Amino acid sequence: MNRPTQEQSEQLAALWTQAQPVVSAYIRTLLPDFHQAEEVLQRVAVTLVRKFEGYDLQRPFVPWAIGFARFEVLRYRRDHATDRHQFDSDIVEQAAELYQSEEIDFSGFREALRSCVAKLEGRNRQALILRYTQDVGPKEIAQEMTMSANAVRQLLHRVRAALRKCIEAAIAKTGGRP
Amino acid sequence: MSEPHPLLEAYLNGELDDQGFVDFNNWLREDPEHLRRWVTAAFMANELGEALSEQEAGEQPAVTDKPSAAKQGLMDAEVLDLLQQIEASAVAEPVTLVGELPAGHAEDPAGPTAHDLAAVGRYVLRKAFTNKRVIVSGICSAAAAVFLLVLVLVNPFASDAPDPVASILNDQAPATDVPVRQQVATLTAAYDAQWEPDFGFGVPEPGQALVAGRTLTLKQGIAEITTNRGAVVVVEAPATVELIDSPNALRLHTGKLVGICETDPSKGFLVRTPDMDVTDLGTRFGVSCRDGGTYLRVFEGEVYAAPAQASDADEQKVVAAGESVIVASDALRVERVDHVAERFVATMQAVAQAPTLTGDIRYEPSIPSDLRIGAYESGELRLFQERTNVEMSGPVAVNVIGPGRFENEALQQPVALKPSKVDSYLIHLDTLPGDGSGRIHRATVRFERPIVGVITSTQAMSQTHALLGLPDVRYGSTSDGKSGRYTGLDQSTDQHPETVEVSDDRRTLTLHLSTGDGIDQARVLIESQASP
């Protein structure tokens, strides 16, 4: 492997900063387990460093990076072929195509989501924090929040729906489309 | 807004079970819009974790060149109302509070209000974050840290530190990384096996459960491991294998093995070596891992071979039956090779096609180089694999053809076997000093393909060493059969008759042999796999 030059390192760092949320989301879409996704994302990051010498700066970076992520997800899937909590390879491919396309404005989506999340308070926020920062399922959230598991599921669904609506509204007003 | 789908909800809540995943895969295929909904929801879920982590840690939302929706006052009033309604409705259930309450929130006989509960919830959560359930802030942060680390380490101006990529990509997780030592395989057989001491586990015995994280070093002999998913792995010494955290995979650090995957659950069986990842699709293959690289030979079916160090799917190759490939150490490509050394192939095929034995006999795919008296003495009946796919261009003298029971003179009469393509096996019986003669050995050998002939006389044995034996093996008789020791089954006496019986389907050989003062040897010829 030829090590990246100083200039290449800086270029890569800048490109990765923009691409990483999408690459990360792609991996987590297919590997919901936090630790699995983290392992694969690390592999992708290292691979990008190794392969960056062959990257054409005229081409979009995200689809290029998603291509490696796709391979690493398939590789992880193959290594854990006996794990039944896996998406089929055709789904992995289709998801990659969607993430590689410009059909979804991930950047606008991300921006709008942060604004909407900042407005969340109380149990809505608590449930989301437990679910999405601590990877806790509805049953454990129910114990933490002394609610029934079904009530937690309803709460999570309604908060997600409201956030989605908030995000769509925000993006619509800025001319984008989620 | 689309109606919620129970499978998508279960996915988002991390509650899909085995069948749920199958159903969810199918649902995603039904309609491109389903895929889009899923991707969008998953992206939102991922970003939620990031955004909440940042905000709870007191970080400012990500600053970009774009004016944010919040800055523009774009939070829809209707949405805010909706969120407030959810906030209120979520606390309709009675709640029992546990632990210390924050100041200003003492227990109220009338019960807590929604705002009280929300405040307490945030307090409890902060306590959780700072005390017992600290979770890393998020996958992006972790990956960003790794990425920056990689950038620093690979920076040519930084230092002459070792290549970090190689170490990071080297995913040989130590055994201690396995969270639960669960059984993933069973040692199903061992032939003349000697093992390196395995601290904490003792010497493995056939029938013993093998747990993830265990490393087995076979110093001598053959061992058969069957994974929980039914893949059979035959390992030939010297070899080191490691059971990894999967019921259908293992790691071969060094040595040879043959993988046999003939059941549906075992499809996808994975063998990882330092150089190559081999994924089986329901077939038989051999892997040899040693200094310099890893060889793969496929006997039946197809497998995927990928360089362990490569990250490009294009480097993965399909290897079909009869093909061999190699990945050299640290190479990033799978290279096809025209042939692998015959001994390697013979060993692999021998193991893969090991006959089924019952009775007083043991199978060894690797034949010793010297079988003469004094050089190799086991005192037991042994079956060795010799040659495969031998083309006999002319008639060959054998002693037994076809079904039936043969003894005494019948074992000495030469019969011409018409030209064919065969595999050869050697049956060997010797006597340990002090054991004396007349010890009876009874055994049956079930072959995968029909027996076409059995060579039992010393003369016929000697005449076929060159064609059907291995050139570097000393069998114990000279080419004219007059070495002073008999090497066929011609020591039979009326008191201890030696018999050879071929079953009606010509696949089972039944032996009834007795020890004498020489070596008893016979050569069994079976139809070659490549026979028309």
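Before reading further, recall that the structure is shown in the block above.
Colleague: Explain the packing of aromatic side chains here, please?
Modeller: Given two aromatic rings, one states the distance between the centres and the angle between the planes to describe the pair. Inspection of every chain in the model, using the stated rule, returns 17 aromatic pairs over all chains. On the basis of an interplanar angle of 70° and a centroid distance of 5.4 Å, the ring pair of Tyr26 of chain A and Tyr99 of chain A is categorised as edge-to-face. Here Tyr26 of chain A is found in helix α1 (residues 6-30), whereas its partner Tyr99 of chain A is found in helix α4 (residues 89-100), with 73 residues between them in sequence. Taking relative accessible area as the criterion, Tyr26 of chain A reaches 0% and is therefore assigned buried. A ring pair is formed by Trp64 of chain A and Phe68 of chain A, whose centres lie 5.0 Å apart and whose planes are at 80°; its orientation type is edge-to-face. Pair noted here: Trp64 of chain A and Phe68 of chain A are both in helix α3 (residues 61-79), with a separation of four residues, about one helical turn. Exposure class is identical for Trp64 of chain A and Phe68 of chain A. Each is buried. The side chain of Arg131 of chain A reaches across the aromatic face of Tyr132 of chain A, ending 5.7 Å from its centre. Just above the ring of Tyr475 of chain B sits the side chain of Arg523 of chain B; from NZ or CZ to the centre is 5.1 Å.

Colleague: Got a minute to help me understand the pattern of salt bridges in this structure?
Modeller: Opposite charge on two side chains permits pairing when their charged atoms draw close. Residue and element names in this part refer to chain B. Summed over the entire model, instances satisfying the criterion amount to 24 salt bridges over all chains. Here Glu335 and Arg333 are joined by a salt bridge, their closest N and O atoms 3.7 Å apart. Glu335 sits in the partly exposed class, given a relative accessible area of 41%. Among the residues examined, Arg333 registers a relative accessible area of 44% and is labelled partly exposed. Taking the shortest distance from any N to any O, the salt bridge between Arg382 and Glu380 comes out at 2.8 Å. Judged by its relative accessible area of 26%, Glu380 falls in the partly exposed class.

Colleague: Hey, could you run me through the nonpolar core in this one?
Modeller: Across soluble globular proteins, nonpolar side chains show a tendency to be buried alongside one another. Membership of the largest hydrophobic core comes to 85 residues, with the highest contact counts inside it found for Val23, Tyr26, Ile27, Phe61 and Phe87 of chain A together with Phe24 and Trp38 of chain B. With 11 residues, the single largest contributor to this core is helix α3 (residues 32-56) of chain B. Excluding residues that lie within four positions of it along the chain, Phe61 of chain A makes contacts with Leu12, Leu15, Trp16, Ala19, Leu48, Phe52 and Tyr55 of chain A. By size, the runner-up hydrophobic cluster in this structure holds 36 residues, among which are Leu210, Leu216, Leu257 and Leu296 of chain B.

Colleague: In this structure, what is going on with the environment of Ala149 of chain A? I would like to understand it.
Modeller: All names here are of chain A. Mapped onto the secondary structure, Ala149 falls in helix α8 (residues 149-173). Separated by 11 residues in the primary sequence, Ala149 and Pro138 place their C-alpha atoms 5.5 Å from one another. In contact with Ala149, not counting residues within four places along its chain, are Pro138, Lys139 and Ala142.

Colleague: What am I meant to see in the state of the cysteines here?
Modeller: Between two cysteines, a covalent bond joining their sulfur atoms is known as a disulfide. All names here are of chain A. For the coordinates displayed, the defined rule picks out one disulfide over all chains. One disulfide in the model links Cys116 with Cys166; its S-S distance is 1.9 Å. Note on the Cys116 and Cys166 pair: the S-S dihedral is about -85°, so by sign convention the disulfide is left-handed. Placement of the pair is Cys116 in helix α5 (residues 106-117) and Cys166 in helix α8, with a sequence separation of 50 residues. For Cys116, a relative accessible area of 1% gives the class buried.

About the criteria used
- Residues numbered from 1 in each chain as written.
- Chains lettered and ligands numbered in written order.
- Predicted model: local features only at pLDDT ≥ 70, side-chain atom pairs only at ≥ 80, totals over all residues.
- Heavy atoms only, no water.
- Phe/Tyr/Trp six-rings, centres within 6.5 Å; stacked < 30°, edge-to-face > 60°.
- Helix = DSSP H or I, 4+ residues; strand = E, 2+ residues; numbered from the N terminus.
- Buried < 20%, exposed > 50% of the residue type's maximum accessible area, 1.4 Å probe, protein only.
- Lys NZ or Arg CZ within 6 Å of the ring centre and 35° of its normal.
- Salt bridge = Lys/Arg side-chain N within 4 Å of Asp/Glu carboxyl O.
- Core = buried A, V, L, I, M, F, W, Y, C linked by side-chain atoms within 4.5 Å.
- Contact = heavy atoms within 4.5 Å.
- Disulfide = S-S within 2.5 Å.

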